[in-house]
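Take a look at the letters that make up each chain.
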Amino acid sequence: MDVPDIFDRNARRRRRDRAIDRYAAHDFLRVAMLDGIADRLDTVTRSFTDILDLGSFDGAFAPPPGSRVARLDAGFGFASRSGGVQGDEDRLPFADGAFDCVVSAGVLDQIGDLPGALSLARRVLRPDGLFLAAFVGAGSFPALRSAFQIAERERPVARLHPQVDVRSAGDLLVRAGFALPVADIETVDIGYPDIGRLLEDLRGMAGTNILTDRHSLSPGALSRAAAAFAEAAGPDGRTRERIDVIFLTGWAPDASQPQPAKRGSGKSSLAQALARRDPLR
């Protein structure tokens, strides 16, 4: 059964193509994601030869020395600029087992079939291949969300994309068949002088609304949202905005990986262990 696509794929491609020339001025969020991915890669002792950059943007991801990288992006401009191919993350044009590492920064929150995209990422990995991803998670942009809710209280409209929380993200890794799954959060905090600067950042990073069921924001609603956003400002005149970045780590299953002990294989019981404890300790 096909999964209903809540995102407009054509709108997503257009937004990415429009953002390409100004992207470097608004890429701070993806830079933070790539830094986190690099930190996690540095903790892995093994080397990688074939890496897929899934959602490449401008090709800023730097693969480890000695490895080859293939890049894919939904936007034609980003794909061309990064030397990659144009395609969607849930419709990969690569053969199973083509890579020993897949990295993805800043795109999985714009995929309608996220479970399918994760399953495909696992399929293109060789056994014991590594998957590392980062994307905007649940609870992000609370100030902007609140401003829109206040501005359109009479007729509320979805302005921000549905977001996945860290626990659900970890469950999706397991569902996709990854071994040794880990999901964690890092927070990016930034102050904005007004709502216009925040919206400019979102446009520049190709992060504006691409929901299939989306509606234009009226001038009156935008004015009310701007006022509500300004009212939330601190003593410095800036409204703090929080972005929770979810990082995912998983491995394609392989017999060489640590395996959980079989149920009932323990040689002593919890009751015996507690009985041996000194009750006065």
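Look a little higher up for the structure.
This is a predicted model, so every value here is computed, not measured.

Conventions used here
Residues numbered from 1 in each chain as written. Predicted model: local features only at pLDDT ≥ 70, side-chain atom pairs only at ≥ 80, totals over all residues. Heavy atoms only, no water. Helix = DSSP H or I, 4+ residues; strand = E, 2+ residues; numbered from the N terminus. Buried < 20%, exposed > 50% of the residue type's maximum accessible area, 1.4 Å probe, protein only. Contact = heavy atoms within 4.5 Å. Areas by Shrake-Rupley, 256 points an atom, 1.4 Å probe, with all protein chains shown as cover. Lys, Arg positive; Asp, Glu negative; His and termini not counted. Charge placed at Lys NZ, Arg CZ, Asp CG, Glu CD. Pairing = 2+ DSSP bridges. Axes fitted to C-alpha atoms, helices over the stretch in contact; angles between N-to-C directions. Arc of directions from axis to C-beta. Expected span 1.5 Å × (residues − 1).

Colleague: Is there a simple way to think about the overall build of the protein chain in this case?
Modeller: When you go through the protein chain residue by residue, the secondary structure sums to 9 helices and 7 strands. Reported as C-alpha extents along the three principal axes, the dimensions of the protein chain are approximately 70 × 55 × 40 Å. The 281 residues of the protein chain split such that 44% are buried. Long-range contacts, defined here as pairs at least 24 residues apart, represent 78% of the contacts in the protein chain between residues at least 6 apart. Total accessible area on the protein chain is roughly 14900 Å²; 53% of this is exposed by carbon and sulfur atoms. In the protein chain, which carries 37 positive and 38 negative side-chain charges, the distance between the mean positions of the two groups comes to 4 Å.

Colleague: What exactly am I supposed to notice about the sheet that holds strand β1 (residues 50–54) here?
Modeller: Backbone-to-backbone hydrogen bonds join strands into a sheet, with any given pair of strands oriented parallel or antiparallel. Read across the sheet, 7 strands follow the order β3-β2-β1-β4-β5-β7-β6 without closing on themselves; strand pairing throughout is mixed. Every other strand in the sheet has two partners, leaving β3 (85–86) and β6 (179–192) as the edge strands with one partner each. The strands touched by helix α4 (residues 114–123) within the sheet are β4 (99–105) and β5 (125–136), with β5 carrying the most contacts at an inclination of about 145°.

Colleague: Would you mind showing me how to read the pairing of strand β7 (residues 239–251) here?
Modeller: Along any regular strand, the residues point their side chains to alternate faces of the sheet. Across the 13 residues that make up β7, a large majority, 11, are buried. Across 7 bridges, the pairing between β5 and β7 is antiparallel. If you follow F135 over to β7, its bridge partner there is I246. Bridge count for β6 against β7 is 12 bridges, and the pairing is antiparallel. Residue pairing for β7: G191 is matched across the bridge by R240.

Colleague: I tried to follow helix α5 (residues 142–151) on my own but got confused; where do I start?
Modeller: Helical periodicity: at 3.6 residues per turn, an α-helix aligns residues three or four positions apart in one direction. Residues of α5 that are buried include every one of A143, L144, A147, F148 and A151, and no others. End-on, the buried residues of α5 take up no more than an arc of 130°, which puts them together on one face. Packed against the buried residues of α5 are α7 (195–204), α8 (219–231) and β7.

Colleague: Teacher, can you tell me more about the pairing of β1 here?
Modeller: The element β1 is largely enclosed, with a buried count of 5 among its 5 residues. Alternating residues of β1 divide into D50, L52 and L54 and I51 and D53, and every residue in both groups is buried. Note: β1 against strand β2 (residues 68–73), 5 bridges, orientation parallel. Looking at β2, one finds that I51 is bridged to V69. Strand direction decides the pairing type here: β1 and β4, joined by 3 bridges, are parallel. The residue bridging L52 from the neighbouring strand is V102, located in β4.

Colleague: For this particular structure, what's the right way to read helix α2 (residues 28–42)?
Modeller: Here α2 contains 15 residues, and its C-alpha end-to-end distance of 21 Å stays within 8% of the 21 Å for a straight helix at 1.5 Å per residue. Residues L29, R30, M33, L34, G36, I37, R40 and L41 constitute the buried set of α2. All buried residues of α2 fall inside an arc of 160° around its axis, so they share one side. Close packing links the buried residues of α2 with β1, β4, β5, β6 and β7.

Keep in mind these numbers describe shape, not what the thing actually does.
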